[in-house]
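So you can see what is in the structure, the chains are spelled out below.
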Amino acid sequence: MHDIKIIRDDPQAFDAGLAKRGLPPQSARLIEIDERRRKTIAALQEMQQQRNDASKQIGAAKAKKDEALAQKLLDEVAHLKAKIQAGEDEERAISTELETELGAIPNIPYDNVPVGPDETANVEYRRHGAPREMNFPPKEHFDLGEALGLMDFETAAKLSGARFAVLKGQLARLERAIGNFMLNLHTGEFGYTEVNPPLLVKDSTMYGTAQLPKFADDQFAVFKGQSREDQDRYWLIPTAEVSLTNLVRESILSEDELPLRLTAWTPCFRAEAGSAGRDTRGLIRQHQFSKVELVSITTPEQADEEHERMLACAEGVLKALDLHYRVVTLCTGDMGFSSRKTYDIEVWLPGQNMFREISSCSVCGDFQARRMQARYRPVDSKNTRFVNTLNGSGLAVGRTLVAILENYQQADGSITVPSVLRPYMGGQEVISANG
């Protein structure tokens, strides 16, 4: 969420930032709402002072036994009380209006983010490795998995509908191995603290990381029993970013606690409301998938360095798996709602003959912190500041499974298990139909 004081101080800069996202100017409308709020507050303060003055005069009038004046003052206090109540109701309504408007506006991109309408304007940042040489036509992951008899979309559709999958046997174990390997790497080498967070969260939690209200259609809502009341509603998390980031909501941290680095391996749930017809086969775009998430809570001064560090940690997984990938800086038209800058890691999939996203690492500034009221107290300061938040996939487990299947496939359809995963697979080196 944006700070209306900053918008008032430099409306041109705010509108220029929105223009980079292809949005029209909005500062004038926001400032007009804030002016109404401030005038209402000023009027309330004046009426409260009048009430206080009148209340003091009542005692003086009664002391002088001037009952007529005392009654007149009592009537005035009663009238002011009613006006104050109406003014407070108006102030709450205008404040809610302002908060709603501010909550629907995306974050302002950094100046060094490329400007463009969509993914065609993304800029390559760096790449690692090269495509594997294969002396046979590579297959896509779903053809490989189904031929192995270990990936079943037909049965999943009977159970749950489209965009679900059943993994069996050694592919189920391989997915578990991938998640365990990622967690061990991030906690053991990169200094993240593992968390096992809730998968069901409240409206306020989703609002804190800006999934609500704008992206409600992309989420899965869950109600208690037969209820359809909002107070009995929960949301299945679309990413562990939601739970992890909100661990610091409505709290004041000390500066020496930062940066705070958290990781979790969880199921994730997304309605994929806007992706009809895209990736309808396979594991790329599922309603339910698992992901290892990285979240950092920092001071504003630490945020940019932490962004690069988080990216390097996510890349470390792909390097350990010896997978070819590239990093791109997303343009303003392709980056997420809360982000000020985002790097996407795209892994090479030989079956598709293209790069596909496997991680996004974003720095959000204090945008989410304002929504969550998450602060820290700097050393030697009585005042508090909003923290900065960052999040990234480290990595999407299902898409990593896809990358392993396609990059480690053999001509006979078997899959070589990457060496770093073999300890998690009981030493198994190859996954095959016979084996």
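Fair warning: this is a prediction, and the values are worked out from it, not measured in the lab.

## Things to note about the environment of Ala177
Turning to its location among the elements, Ala177 is positioned in helix H7 (residues 169-188). Setting aside residues up to four positions removed in sequence, Ala177 forms contacts with Leu421, Tyr424 and Met425.

## Remarks on the packing of H7 against helix H10 (residues 303-320)
Between H7 and H10, the shortest axis-to-axis distance is 10 Å and the interhelical angle comes to 130°. Between H7 and H10, the angle is such that the two are oblique. Our pair here, H7 against H10, has a crossing hand that is right-handed. On H10, the residues touching Phe181, Met182, Leu185 and His186 of H7 are Cys313, Ala314, Gly316, Val317 and Ala320. Considering only residue class, the contact of H7 with H10 consists of seven nonpolar, two polar and no charged.

## A short note on the sheet that holds strand S6 (residues 220-223)
Ordered by their spatial adjacency, three strands build an open sheet running S5-S7-S6, and the pairing between neighbours is antiparallel. At either margin of the open sheet sits one strand with a lone partner, and together these are strand S5 (200-201) and S6. Sheet topology note: the S5/strand S7 (residues 233-236) ladder contains two bridges and is antiparallel. If you follow Val201 over to S7, its bridge partner there is Trp235.

## So, the packing of aromatic side chains
Within the structure shown, the criterion is met by five aromatic pairs. Ring centres of Tyr125 and Tyr343 lie 4.8 Å apart, and the angle between their planes is 15°; this geometry places the pair in the stacked category. Note that Tyr125 is positioned in strand S1 (residues 123-128) and Tyr343 in strand S12 (residues 341-349), a separation of 218 residues in sequence. You can call Tyr343 buried: its relative accessible area is 1%. One aromatic cluster is present, formed by Phe215, Phe337 and Phe367 through successive ring pairs. Between Arg132 and the ring centre of Tyr408, over which it is positioned, the NZ or CZ distance is 4.0 Å.

## Brief notes about H10
With 18 residues, H10 should cover 26 Å at 1.5 Å per step; its first-to-last C-alpha distance of 26 Å lies within 8% of that length. For H10, the full list of buried residues reads Ala303, Glu306, His307, Met310, Leu311, Cys313, Ala314, Glu315, Gly316, Val317 and Leu318. Backbone geometry just downstream of H10 places Asp322 in the positive-phi region, at approximately 55°.

## Some words on the pattern of salt bridges
Pairing of side chains with opposite charge becomes possible as their charged atoms draw close. For the structure shown, the criterion picks out 25 salt bridges. Asp152 is the partner of Lys168 in a salt bridge, and the nearest nitrogen-oxygen pair spans 3.5 Å. Highlighted residues: Lys168 in the loop between strand S3 (166-167) and H7 and Asp152 in strand S2 (residues 151-152), separated in sequence by 16 residues. In this structure Lys168 comes out as partly exposed when scored by relative accessible area, which is 36%. With a shortest N-O distance of 2.7 Å, Arg261 and Glu306 are connected by a salt bridge. With Arg261 in strand S9 (residues 260-269) and Glu306 in helix H10, this pair connects stretches of sequence that are 45 residues apart. What makes Glu306 buried here is its relative accessible area of 4%.

## Description of unusual backbone geometry
Here Leu258 and Pro259 are connected by a cis peptide whose omega angle stands at 0°. In this fold, Pro259 is placed in the loop between strand S8 (252-254) and S9. Here the bond from Gly394 into Leu395 is cis, since omega is 20°, no more than 30 degrees from zero. Topologically, Leu395 is positioned in strand S16 (residues 388-396). For Glu250, which is not a glycine, the phi torsion comes out positive at approximately 50°. Position of Glu250 among the secondary structure elements: in the loop between helix H9 (241-245) and S8.

## As for the environment of Glu146
Following the sequence through the fold, Glu146 ends up in helix H5 (residues 141-148). Between the alpha carbons of Glu146 and Leu167 there is a distance of 9.7 Å; along the sequence they are 21 residues apart. If we ignore the near neighbours within four places in the chain, the residues touching Glu146 are Met151, Phe153 and Arg281.

## Brief notes about the environment of Leu294
With respect to the helices and strands, Leu294 occurs in strand S10 (residues 288-298). Distance from Leu294 to Gly392, taken between C-alpha atoms, is 5.1 Å for residues 98 residues apart in sequence. Among all residues touching Leu294, those that are not within four sequence positions of it are His186, Tyr192, Leu262, Thr263, Met310, Cys313, Leu390, Asn391, Gly392 and Gly394.

## Structural notes on the sheet that holds strand S14 (residues 375-377)
Taken together, the three strands give an open sheet; going across it, the order is S8-S14-S15, and neighbouring strands pair in mixed fashion. Edge positions in the sheet fall to S8 and strand S15 (385-386), since each has one partner strand and no second.

## Observations regarding the domain arrangement of the protein
One can read the domain layout of the protein as domain 1 (4-104) and domain 2 (119-198 + 239-431). Inter-centroid distance (C-alpha atoms) of domain 1 to domain 2 is 47 Å. Listed per partner, the contact involves five residues of domain 1 and seven residues of domain 2. Broken down residue by residue, the surface that domain 1 buries against domain 2 is led by Lys20, Arg21 and Gly103, which jointly contribute 80%. Linking domain 1 with domain 2 are zero salt bridges. Summed over the shared surface of domain 1 and domain 2, the result is four residue pairs in polar contact (both at pLDDT 80 or more).

Rules and cut-offs
Residues numbered from 1 in each chain as written. Predicted model: local features only at pLDDT ≥ 70, side-chain atom pairs only at ≥ 80, totals over all residues. Heavy atoms only, no water. Helix = DSSP H or I, 4+ residues; strand = E, 2+ residues; numbered from the N terminus. Contact = heavy atoms within 4.5 Å. Axes fitted to C-alpha atoms, helices over the stretch in contact; angles between N-to-C directions. Parallel < 35°, antiparallel > 145°, perpendicular 65-115°, else oblique. Left-handed = near helix turned anticlockwise from the far one by under 90°. Nonpolar A, V, L, I, M, F, W, Y, C, P; charged D, E, K, R; others polar. Pairing = 2+ DSSP bridges. Phe/Tyr/Trp six-rings, centres within 6.5 Å; stacked < 30°, edge-to-face > 60°. Buried < 20%, exposed > 50% of the residue type's maximum accessible area, 1.4 Å probe, protein only. Lys NZ or Arg CZ within 6 Å of the ring centre and 35° of its normal. Expected span 1.5 Å × (residues − 1). Salt bridge = Lys/Arg side-chain N within 4 Å of Asp/Glu carboxyl O. Domains from an automatic or database assignment. Buried area = accessible area lost by both parts, 1.4 Å probe. Polar contact = N/O pair within 3.5 Å; in protein donor to acceptor, adjacent residues only side chain to side chain.

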